[in-house]
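# Reading the structure
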Amino acid sequence: DIDFLPSEEIESKLSEYLVLIGKSQPNALIVPAFESERYRIDSLPGTKADLLKQLDLGEIIKFRSRVWEEGHGATNYQKWRSSTKPYKVNWQLNYEPYIVTHKSIPDYDQRFVGFGWNKASHIYQLHRQGYRFLVLPNVFIVHLPHSPSIDIHRYRTSSKYRQCMETFKKEFMTEIDHKVKASTDKISLL
């Protein structure tokens, strides 16, 4: 998303984590997301220490914690506050963190365009393929406020839109589950 600002030195820190974690298992590195209701970029935190201060003052909040807690709740922000090492979290339904991973991951499913379940579907697919979700302790992104998109307006106001999304979600999960089962069955035959 273009409306997120990264923490200071995020690129070098991500490179360090990639080396530390290695390639032994497929990993999705989670960059914790926060949001501000302020429009001034110069008042946003650049470091974790600054972010924690603003979090304690209520100037920054966990991303979408007021409207969609399940989207980022599995990140375990309480643990993140004091963490100095990456830590594993478990997938939960509707989890949609912002991730860094190898470019060979599956593409987003094209059914989920606009607003609704695009990131969550992708995370579900990675979960079913055995990816390990690791929250990074010293990087973050901060979402800047902006007007709601046309697609989110449609989602909020159209029951038909929400019904279609729910149908796509069920179809997608069933397809992924079948693919994983078929792959597992094939391996067990060898």
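Note that residues are indexed from 1 along each chain, following the sequence as it is written. In view of the model being predicted, local features appear only for residues whose pLDDT reaches at least 70, and side-chain atom pairs are presented and counted only at 80 or more, with totals across whole chains, interfaces and linings using the full set of residues. The basis for the side-chain values is all heavy atoms of the structure; hydrogens and waters are excluded.

### A short note on the overall build of the protein
For the purposes of this entry, the term helix denotes a DSSP run of H or I that reaches at least four residues, the term strand denotes a run of E that reaches at least two, and both are numbered from the N terminus. A tally of regular secondary structure across the protein gives seven helices and eight strands. Atoms counted for the radius of gyration: C-alpha only. Globule rule: 2.2 Å times residue count to the power 0.38. For the protein, the C-alpha radius of gyration of 18 Å lies close to 16 Å, the compact-globule estimate for 190 residues. The principal-axis extent of the C-alpha atoms belonging to the protein is close to 55 × 45 × 25 Å. The buried share among the 190 residues of the protein stands at 40%. Whether two residues are in contact is decided by their heavy atoms: any pair within 4.5 Å suffices. When contacts within the protein are restricted to residue pairs at least 6 apart in sequence, long-range pairs at least 24 apart make up 78% of them. A residue counts as positive if it is Lys or Arg and as negative if it is Asp or Glu; His and the chain ends are not included. To locate a charge, take NZ of a lysine, CZ of an arginine, CG of an aspartate or CD of a glutamate. One finds the centroid of the 27 positive side-chain charges in the protein at a distance of 5 Å from the centroid of its 23 negative side-chain charges. In this scheme, a residue with accessible area under 20% of its type's maximum is buried, one over 50% is exposed, and one in between is partly exposed, where area comes from a 1.4 Å probe on protein chains only.

### Regarding the layout of surface pockets
By volume, the second largest pocket amounts to about 270 Å³. Only α1 (10-21) and β2 (27-31) provide two or more residues apiece to the lining of the second largest pocket. Residue composition of the lining of the second largest pocket, grouped by class: six nonpolar, five polar and one charged. Using only the protein atoms, space was sampled on a 1 Å grid; points where a 1.4 Å probe fits but cannot get out form cavities, open sets with protein on both sides within 12 Å along at least five of seven lines form pockets, and lining residues are those with an atom within 4 Å of a point. Grid points are joined across faces, edges and corners, and a volume is the space filled by probe spheres set on the points. Only Asp, Glu, Lys and Arg are considered charged in this grouping, and only Ala, Val, Leu, Ile, Met, Phe, Trp, Tyr, Cys and Pro are considered nonpolar; every other residue, Gly among them, is considered polar.

### Concerning the pattern of salt bridges
Any Lys or Arg side-chain nitrogen located within 4 Å of an Asp or Glu carboxyl oxygen qualifies as a salt bridge. The full count for this structure, using the stated rule, is four salt bridges. Between Lys 62 and Glu 69 there is a salt bridge, with the nearest N and O atoms lying 3.9 Å from each other. We classify Glu 69 as partly exposed; its relative accessible area is 39%. Where Arg 128 meets Asp 177, a salt bridge forms, and the shortest distance between an N and an O atom there is 2.8 Å. One end of the pair, Arg 128, is in helix α5 (residues 118-128); the other, Asp 177, is in helix α7 (residues 159-189), with 49 residues separating them in the sequence. Residue classification places Arg 128 among the partly exposed residues on the basis of a relative accessible area of 30%. By relative accessible area, Asp 177 is classed as partly exposed at 27%.

### Quick word on α5
Of all eleven residues making up α5, eight are buried, and the element is well covered by its neighbours. Looking at the residues trailing α5, positive phi occurs at Gly 130, about 90°.

### Structural notes on the nonpolar core
If you look at the biggest cluster of nonpolar residues, it comprises 37 residues, and the most contacted ones within it are Phe 34, Leu 51 and Trp 80. Each residue touching Leu 51, except ones within four places of it in the same chain, is listed here: Phe 34, Pro 45, Ile 60, Trp 80, Phe 140 and Val 142. Put simply, buried Ala, Val, Leu, Ile, Met, Phe, Trp, Tyr and Cys residues joined by side-chain atoms within 4.5 Å make one nonpolar core.

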